[in-house]
Structure formats: C-alpha cells, structure tokens
Amino acid sequence: MAASDRVALGPLVGSIDQGTSSSRFLVFNAKTAELLSHHQVEIQQKFPKEGWVEQDPKEILKSVYECVERTCEKLQQLNIDITNIKAIGVSNQRETTVVWDKITGEPLYNAIVWLDLRTQSTVERLLKRIPGNNKSFFKFRTGLPLSTYFSAVKLRWLLDNVEEIRQAVDNGRAMFGTIDSWLIWCLTGGKNGGVHCTDVTNASRTMLFNIHSLDWDPELCQFFDIPMEILPKVRSSSEIYGLMKICPSLKSGALTGVPISGCLGDQSAALVGQMCFQDGQAKNTYGTGCFLLCNTGQKGSVAIAGAVVRWLRDNLGIVKTSQEIEKLAAEVGTSYGCYFVPAFSGLYAPYWEPSARGIICGLTQFTNKNHIAFAALEAVCFQTREILDAMNKDCGIPLSQLQVDGGMTNNKVLMQLQSDILCIPVVKPSMPETTALGAAMAAGAAEGVGIWSLNPGDLTAVTCERFEPQINPEESEYRYARWKKAVMKSMGWETSEAPSNGDTSIFCSLPLGFFIMSSMVMLIGAKYVSGNDK
C-alpha cells in the first residue's frame, strides 16, 4: 500500500487491556479519543482445587502479542498508518500475583488470580501475630485490611509452598509482580534488559505499599517476610517506563521502539477513562465483579462487589444466558419482598464478617424465579449503596451522580434500579471502553510523549444515557432497610474450621462483598490528576 493511500489521523495511542477473562489491544485517536480498532483473545482460568484460581502467565503474554498483531492488521486493512502509534498504555487485572526467573524469563508457578481463596489459612496464621487479631491493624499504612484478596498474602503462600520459588529467591533470581509488571518486563525485553516496575495503583493493592510514602514499606515487608529485592520499582501511572521490543510473533515489527508510558490497574484506569478528575466524582464498573471508585481529592475509597448473575446462570440454571436476567426481572418489576445477600465467602466492608454466608429470604409460595432474578439485581445495587454511604461518611463529599461502565450496564433494569436505590442519577457513557481509554490517556499524556491533553477544556465531550430516580426516597429507604435486615441474618453461619462439602463451582467461592482502600491522588498518580509534578 502506498503511503499516500493511508488515512491521516494524527497521533494514535495503543492500550493493552489485560483482564481476568480476556486480553485486548485497542487503538485510539489521541485527538478525538475515537476507538479505531481492537482485538480480543479469551484467557483460560484453571481451577486445580475448590477456591483455587490460576492462569498461565505465558498464555497471558502470548494473548497480548496476538491482540497487538491482529489489531495492527485490522488497522492496515482500514488504510490507517500504524507507525502513527506513538505510545502504549497498560491496564490490568489487579492483585493477581506472578513470580518468575529473571535469568530464564520463565514463570516459576501459575499466576494466582485475585479471586483465589487458598490463602485463608495464611491469613489466619498472620492474624495471630497481630495484637488483638485485628485485621485492620495495617490499614493506616496500606488502606487495606488483611485479607486473602491482596498480593502480599498470595506471595507469602507461594514462598511457603513452592520450592522452585524459594530456591530462586535464595539464588537472587526471583522477580515478583502483578500482571502489569510481568507484561512490561516482557514487552521491554524480558531477560534481555526488561524493565521491572509497577505503578502506584497496582502497588497499592499488594498490602506492601505505604500510601503515605508512596513506596514499599520495609516494616510491612518484614511482617510478611518478603524480601524487598524481588519487588518491582514503584513509578507513577503516566511516564515512559521503557520501549516496546520486537517479539517473534509480531510479524510487522511496527511497534518496536514505541514507548510504554501509561500503567493503571483496571479500575483506576476506568476512573480516568470516565474523566472523574474532580472531587466527588465516582464511577462503578459492572462486570465479573462490581468495582466502585470515587475521587475524593486527598482521601478516597475503592470497593469491589461481586455480580450474582453468573451464579444464577451457572449454579442454579435459572437462565441460560446473563442477558435473560433483565427479561425475567422486567416481567415482575419487583422482588415481592424477596432479598438476596450474596455473601458466598463472607461479608466484606463495611462488615468484614467471614462467618456470613449467602441467603435468600422473604420467600413465600408466590415467589418465583423472576422475583429471585430481580432480587439478585437489587443485591448489586444495595451493595453499591452501602459503600457509597461509607464513602460519604468518611469524606463528606456527597455524590451527585454515579458514572457507570462495564458489561452489566447494558441491563437497563439494573441501571434504573441503581438510580432508584441511590436516589441520584446514573450516567452511562456511549463509549464503553473506559478502562482501555484511561490507560491510553495516561500513556499519551506522559512527559516525553505529550500527545493527549488532560486539561478539562481539551477533553472530548462524551454522550451519555442517563437514568433518573423513579421512586420516592421513602420507598428506597424502606427497601434498603429490609436489605440490611437480611444482611444481619446472613451472619454467623460458618467458621473457617468447617469441613469442606466437596467440589463445587468456583462461583460459589467468589468473594462477593466489598473492600476498601484509600488515597485517590495516589491511585491515579498525582502527576496528572491534581497537577502536581510528583
């Protein structure tokens, strides 16, 4: 193809979006934020035991290379010059833990995925070393409670249980990272000079990161008995980390030398992609999980809630597809007094009650699967309401509207319910790829790249679908109070010593609840949110 035939679009930015279920590579126009092309490859999850969830780091890397190659091919078919890709951002599933050998470049064990629950006994052992068995003992330093969820506990398990990793640490060959670190190291050269780094948003989800110093905390590393030399260097979310190196699977080689200059954990990236740069703005991502972030200036909160739709589909067989939930719920328009608390693995913030288990209560002979479907959607909304109440109490900034994204936002019944239960508007952008967009914005805005302006006046206006509350506040408060009554009834069912009842679907073990951490400025990278040059 002659150069004169190519479409002139100006500078472009690529975005690697590596999620729990798939990897994607997307390319955006840096001037208009238009999505030009993308490719997606699904990732296999392995379930070696009940509650265990693993992925192959090499499969993840291969999928990223495939996505890059296929997207470049699609752009060329559109007559778009791929040499105009001037930067690449990385967004990733958070907390998922990888350890690899820096000499061979090989992973030393499968990646332990964020929702894996094998570390409960590790958590209990660590709790015994904390005064009063206080799981919030380190919260001032980390913003996080001690939980199976975060990377430090997964890394401790690997050090305790995998001989190859212990030997690699002893021999000075081991490297630890979340998925962002693994990808950036490989993409910038791997064993031949790859850059071992992470950004503040991912580091903040490890329980080894001090949210005040914005660096690894020596005392936390000592408590978990994790050698600091295996940790990646913590850097901001928007700077040049290194240059893309060629890989055998990339036939074109067009991205060789392109700077990798943006890195954000997926939910922080979505907050940027939603352009929540002002105090009091918040977004909720509805997907496999349900992730709520709020920009509160100098303090902030992050929460995660689980979606119950897959459980209804895969475990109960109420529906064959997730989309059928909306139809079932719409047919009745009410739960008829039925409440669903999806505490399958205990309750998290604001309760932090591991003895809780999921319940469906308020059943009558009239109750049918439609009412249960409606109650399941309401459960997602009630959990969001609980964490928003906690946010408002902590930071004193009332939320005027909630911006939303993610696959479940296609469910109009869910979006209307969310608005009704929060008593505020819910706003859904027409461009749904906010996670990848946020990583692209960070990459394009980095010093030394400078092709994407983050000044509010320069940002492209986003068209949105808006859901306004349709019930009165008294009705909303009544339903919310009944939900909280149901939550109380879910507590005290189990202890950690209870014997297993055998194999069940992994979706029975998902941590469907809330987690909290702090410091929005730290999460986004103060450099390009607050205007500080930190």
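Anyway, here's the lowdown on the structure attached to this text. Everything quoted here is computed from the prediction, not taken from an experiment.

**Quick look at the overall build of the chain**
Argument step 1. Counting its secondary structure elements, the chain contains 17 helices and 22 strands.
Argument step 2. Expressed as a percentage of the 534 residues in the chain, the buried residues total 60%.
Argument step 3. For the chain, contacts bridging at least 24 residues in sequence account for 72% of all contacts bridging at least 6.
Argument step 4. In the structure as shown, the chain presents an accessible area of about 20900 Å², 50% of it carried by carbon and sulfur atoms.

**A short note on the environment of proline 232**
Argument step 1. Mapping proline 232 onto the fold places it in the loop between helix H8 (218-224) and strand E12 (233-235).
Argument step 2. Since its relative accessible area comes to 3%, proline 232 is described here as buried.
Argument step 3. Taking the C-alpha atoms as reference points, proline 232 and phenylalanine 176, separated by 56 residues in sequence, lie 6.9 Å from one another.
Argument step 4. In this view, proline 232 contacts Phe176, Ser181, His196, Cys197, Thr198 and Trp216; residues no more than four positions away in its chain are not counted.

**Side note on the nonpolar core**
Argument step 1. Ranked by internal contacts, the top residues of the largest apolar core, which has 54 residues, are Tyr286, Leu312, Val341, Leu377, Leu402, Leu414 and Trp483.
Argument step 2. Counting residues per element, this core draws most heavily on helix H12 (residues 369-395), at 14 residues.
Argument step 3. Val53, Ala152, Val153 and Ile165 belong to the second largest nonpolar core, which has 45 residues in total.

**Thoughts on helix H1 (residues 57-77)**
Argument step 1. The terminal C-alpha atoms of H1, which comprises 21 residues, lie 31 Å apart, in line with the 30 Å expected from a rise of 1.5 Å per residue.
Argument step 2. Where H1 is concerned, the buried positions are Pro57, Ile60, Leu61, Ser63, Val64, Tyr65, Cys67, Val68, Glu69, Thr71, Cys72 and Leu75.
Argument step 3. Once H1 ends, the next one or two residues include asparagine 79, with phi positive near 65 degrees.

**Some thoughts on the state of the cysteines**
Argument step 1. Applying the stated criterion to the full structure yields zero disulfides.
Argument step 2. Not engaged in a disulfide, the cysteine cysteine 361 finds its nearest cysteine sulfur in cysteine 338; these two sulfurs lie 7.2 Å apart.

**Here's the deal with the packing of aromatic side chains**
Argument step 1. Evaluated as defined, the whole model comprises 15 aromatic pairs.
Argument step 2. With centroids separated by 5.1 Å and ring planes inclined at 85 degrees, the aromatic side chains of phenylalanine 223 and phenylalanine 224 adopt a geometry described as edge-to-face. Judged on exposure class, the residue phenylalanine 223 and its partner phenylalanine 224 are both buried.
Argument step 3. An aromatic cluster is defined as three or more aromatic residues linked by ring pairs; in this entry it consists of Phe137, Phe138, Phe223 and Phe224.

**Structural notes on the packing of helix H4 (residues 151-161) against helix H5 (residues 163-170)**
Relative orientation and spacing of two packed helices are given, respectively, by the angle between their axes and the distance between those axes.
Argument step 1. Orientation of H4 relative to H5, taken along the N-to-C sense of each, is 95 degrees, at an axis distance of 5 Å. In terms of orientation, H4 and H5 fall into the roughly perpendicular class. Taking contact as the criterion, the partners of Leu158, Leu159, Asp160 and Asn161 in H4 are, on H5, Glu163, Ile165, Arg166 and Val169.
Argument step 2. Each residue belonging to the contact of H4 with H5 can be placed in one class, and the counts come to four nonpolar, one polar and three charged.

**What to know about the sheet that holds strand E3 (residues 35-42)**
Argument step 1. Pairing within the open sheet is mixed, and its six strands lie in the order E3-E2-E1-E5-E14-E13. The sheet is open, and its two borders are formed by E3 and strand E13 (238-243), each paired with just one other strand. Ignoring which end each strand starts from, the neighbouring axes of this sheet average 25 degrees apart.
Argument step 2. In terms of strand pairing, strand E5 (residues 85-92) meets strand E14 (residues 259-265) through five bridges, oriented parallel. Bridging across to E14, serine 91 finds its partner in leucine 264.
Argument step 3. Strand contacts of H1: strand E1 (12-18), strand E2 (22-29), E3 and E5, with the helix running at about 145 degrees to E3, the strand carrying the most contacts.
Argument step 4. Where helix H9 (residues 266-273) meets the sheet, it contacts E5 and E14, and its direction lies at approximately 100 degrees from that of E14.

**Quick word on the packing of H9 against helix H14 (residues 434-445)**
Argument step 1. As a packed pair, H9 and H14 sit with axes 6 Å apart at the nearest point and diverge in direction by 80 degrees. Overall, the two elements H9 and H14 adopt an arrangement that is roughly perpendicular. Residues Asp266, Ala269, Ala270, Val272 and Gly273 of H9 pack against Thr434, Thr435, Leu437, Gly438, Ala439 and Met441 of H14.

**Examining the pattern of salt bridges**
Argument step 1. Tallying each qualifying case throughout the model produces 24 salt bridges.
Argument step 2. Between arginine 24 and glutamate 433 there is a salt bridge, and its shortest N-O distance comes to 2.6 Å. Here arginine 24, found in strand E2, pairs with glutamate 433, found in the loop between strand E21 (426-429) and H14; they are 409 residues apart in sequence, far enough to count as distant. Pair check on accessibility: arginine 24 and glutamate 433 agree, each one buried.
Argument step 3. Between glutamate 386 and lysine 484 there is a salt bridge; the shortest N-O distance is 3.2 Å.

**Section: H4**
Argument step 1. For H4, the tally of buried residues reaches nine of 11 residues, placing the bulk of the element in the interior.
Argument step 2. Within H4, burial applies to Ser151, Ala152, Val153, Lys154, Leu155, Arg156, Trp157, Leu158 and Leu159.
Argument step 3. Looking at the buried residues of H4, the elements they touch are strand E6 (97-101), strand E7 (111-112), helix H2 (120-127), H5, strand E8 (174-178) and H8.

**Points about the side chain of aspartate 199**
Argument step 1. Among the structural elements, aspartate 199 can be located in strand E9 (residues 197-199).
Argument step 2. At a separation of 2.7 Å, a polar atom in the side chain of aspartate 199 contacts the side chain of threonine 201.
Argument step 3. Within the structure, aspartate 199 has its side chain in polar contact with the side chain of serine 237 (distance 2.7 Å).
Argument step 4. Once you skip the residues sitting within four places of it in the chain, aspartate 199 turns out to touch Asp180, Val234, Arg235, Ser236, Ser237, Tyr241, Cys263, Leu264 and Gly265.

**Quick word on unusual backbone geometry**
Argument step 1. Located in the positive-phi region is asparagine 79, a residue other than glycine, with phi close to 65 degrees.
Argument step 2. With respect to the helices and strands, asparagine 79 occurs in the loop between H1 and E5.
Argument step 3. The backbone of glutamate 95 sits at a positive phi, close to 70 degrees, despite the residue not being glycine.
Argument step 4. Along the polypeptide, glutamate 95 turns up in the loop between E5 and E6.

**Here we look at the pairing of E8**
Look at any regular strand and the pattern is simple: side chains alternate between the two faces of the sheet.
Argument step 1. With respect to burial, E8 is a largely interior element, five of its five residues being buried.
Argument step 2. Note that E6 and E8 share five bridges and pair antiparallel. Across the sheet, aspartate 101 pairs through a bridge with alanine 174, a residue of E8.

Reading guide: rules and limits
- Residues numbered from 1 in each chain as written.
- Predicted model: local features only at pLDDT ≥ 70, side-chain atom pairs only at ≥ 80, totals over all residues.
- Heavy atoms only, no water.
- Helix = DSSP H or I, 4+ residues; strand = E, 2+ residues; numbered from the N terminus.
- Buried < 20%, exposed > 50% of the residue type's maximum accessible area, 1.4 Å probe, protein only.
- Contact = heavy atoms within 4.5 Å.
- Areas by Shrake-Rupley, 256 points an atom, 1.4 Å probe, with all protein chains shown as cover.
- Core = buried A, V, L, I, M, F, W, Y, C linked by side-chain atoms within 4.5 Å.
- Expected span 1.5 Å × (residues − 1).
- Disulfide = S-S within 2.5 Å.
- Phe/Tyr/Trp six-rings, centres within 6.5 Å; stacked < 30°, edge-to-face > 60°.
- Axes fitted to C-alpha atoms, helices over the stretch in contact; angles between N-to-C directions.
- Parallel < 35°, antiparallel > 145°, perpendicular 65-115°, else oblique.
- Nonpolar A, V, L, I, M, F, W, Y, C, P; charged D, E, K, R; others polar.
- Pairing = 2+ DSSP bridges.
- Salt bridge = Lys/Arg side-chain N within 4 Å of Asp/Glu carboxyl O.
- Polar contact = N/O pair within 3.5 Å; in protein donor to acceptor, adjacent residues only side chain to side chain.

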